[in-house]
Amino acid sequence: MNSAKERLVNGIVKENPTFVLMLGMCPTLAVTTSAVNGLGMGLTTMVVLALSNVFISLLRNIIPDKVRIPAFIVIIASFVTVVELLLQGFIPFLYDALGIYIPLIVVNCIILGRAEAYAYKNPVIPSLFDGIGMGLGFSVALTCIGAVRELLGAGELFGIHVMPESFVPVSIFIMAPGAFFVLALLTAIQNKVKIAGEKKGKDMSKIQSGCNSDCMNCSDSGCARRLYDESGDSKVKKAAGQASAGAAAQPVGQASAGTAAQSANQTSAGAEAAQPVSQASAGTAAQPANQASAGTAAQSANQASSETEVKKSDSETPAEVEKVTKEDEQNG
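Residues numbered from 1 in each chain as written. Predicted model: local features only at pLDDT ≥ 70, side-chain atom pairs only at ≥ 80, totals over all residues. Heavy atoms only, no water.

## Looking at the confidence of the model for the protein chain
The cut-off we apply is this: Summary of the metric used: pLDDT quantifies the predictor's per-residue confidence within the range 0 to 100. Only heavy atoms enter the contact rule, under which two residues are in contact if any of them lie within 4.5 Å.
For the protein chain, per-residue confidence averages 75 on the pLDDT scale, and 61% of positions sit at 70 or higher. Considering only residues more than four positions removed or in separate chains, one finds that residues 224–240, a stretch of pLDDT under 50, has nine contacts. Every residue in residues 267–274 is under pLDDT 50, and counting partners more than four places away or in other chains gives zero contacts.

This is how it looks when you write it as structure tokens:
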């Protein structure tokens with residue numbers, strides 16, 4: 001719902017920058033010594049807010065994201081300068097009353113906040129009415145505070161004497177402490193209305209909170225609460241935790257599997273390498289054994305041959321021996 005009516009109601013009532021969001025407290029407390037000053041400051045801020053929203057929305061696809069804040073400030077400062085010169089030339093008494101707070105509109109957190117939260121993310125027409133709605137809400141708040149302070153502190157309203165002659169003005173209300181007193185009083189009245197409405201069963205969630213927790217149907221695309229869900233916060237955290245655990249476990253599992261595979265490969269390679277070594281060792285060990293066995297067999301055969309010859313010699317008769325000896329001598 002980015003309709004013009006919704007944006008106006010949102011800025012004046014639902015997200016009033018002064019009574020709901022508590023933004024822009026410096027000009028709120030400083031220039032609201034009278035209703036005229038409050039109205040003038042509010043309308044000046046509204047003009048700057050509406051124009052800056054329009055131009056920031058037009059340039060939202062051109063301004064780089066990294067330098068958007070300096071760009072916002074340059075655009076806002078340009079319009080503040082234009083408005084300041086117009087007030088100085090055509091409404092000098094208001095220019096003198098607001099004084100230094102006109103240039104300070106440049107750093108007003110309401111303008112910069114709406115540029116960042118809404119205008120930079122939405123089309124031109126909704127951004128225009130968002131700026132007008134927020135400006136009107138700011139004007140209404142400053143006018144109310146200024147009217148109460150002027151009425152109690154001077155007995156006047158918009159410069160017209162309205163209180164009876166017997167009324168004694170309470171001068172503290174037109175001084176700095178009076179701004180805090182009136183702001184606290186108006187905020188307390190707002191809280192009272194909210195509590196009374198809740199007791200009657202009315203939906204008062206939009207007042208003072210600025211949010212009804214219905215993010216699905218909310219038109220404020222710049223709201224930070226869209227980034228999380230309070231009702232399902234535990235589920236979101238649990239899911240995020242599981243995702244993180246899964247992401248962390250996957251590399252660990254891969255590392256473990258890789259380590260196991262590497263060890264298996266090393267073991268296989270070791271077994272394959274050990275097999276030739278074992279065969280070589282077995283061959284090397286068998287060779288001396290074979291040699292030793294062959295040597296033992298040969299030695300046994302020689303000994304057996306010697307023993308046979310000895311036995312043969314022992315079995316011959318003396319006559320045969322003498323005959324052999326003679327034959328050897330003749331041959332020699």
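Okay, back to it.
## Quick word on the pattern of salt bridges
Condition: We define a salt bridge as a side-chain nitrogen of Lys or Arg found within 4 Å of a carboxyl oxygen belonging to Asp or Glu. In DSSP terms, a helix is any run of H or I states spanning at least four residues, a strand is any run of E spanning at least two, and both are numbered starting from the N terminus. Exposure classes here rest on a 1.4 Å probe applied to the protein chains alone. A residue is buried below 20% of its type maximum, exposed above 50%, and partly exposed in between.
In this structure the tally under the stated criterion is six salt bridges. Among the salt bridges present, the one from Arg7 reaches Asp130, with a minimum N-O distance of 2.7 Å. With Arg7 in helix α1 (residues 4–14) and Asp130 in helix α7 (residues 124–154), this pair connects stretches of sequence that are 123 residues apart. Each member of the pair, Arg7 as well as Asp130, carries the same accessibility label: buried. The partner of Arg68 in a salt bridge is Asp65, with the nearest N and O atoms 3.4 Å apart. For Asp65, a relative accessible area of 48% gives the class partly exposed. A cluster of three or more residues bridged by salt bridges with shared partners is formed by Glu6, Arg7, Glu15, Arg114 and Asp130.

## Concerning unusual backbone geometry
One non-glycine residue, Met22, adopts positive backbone phi at about 55°. Inspection of the secondary structure puts Met22 in the loop between α1 and α2 (25–30). With a relative accessible area of 35%, Met22 lands in the partly exposed category. Although it is not a glycine, Phe158 adopts a positive phi angle of roughly 55°. Here Phe158 falls in the partly exposed class, since its relative accessible area comes to 39%.

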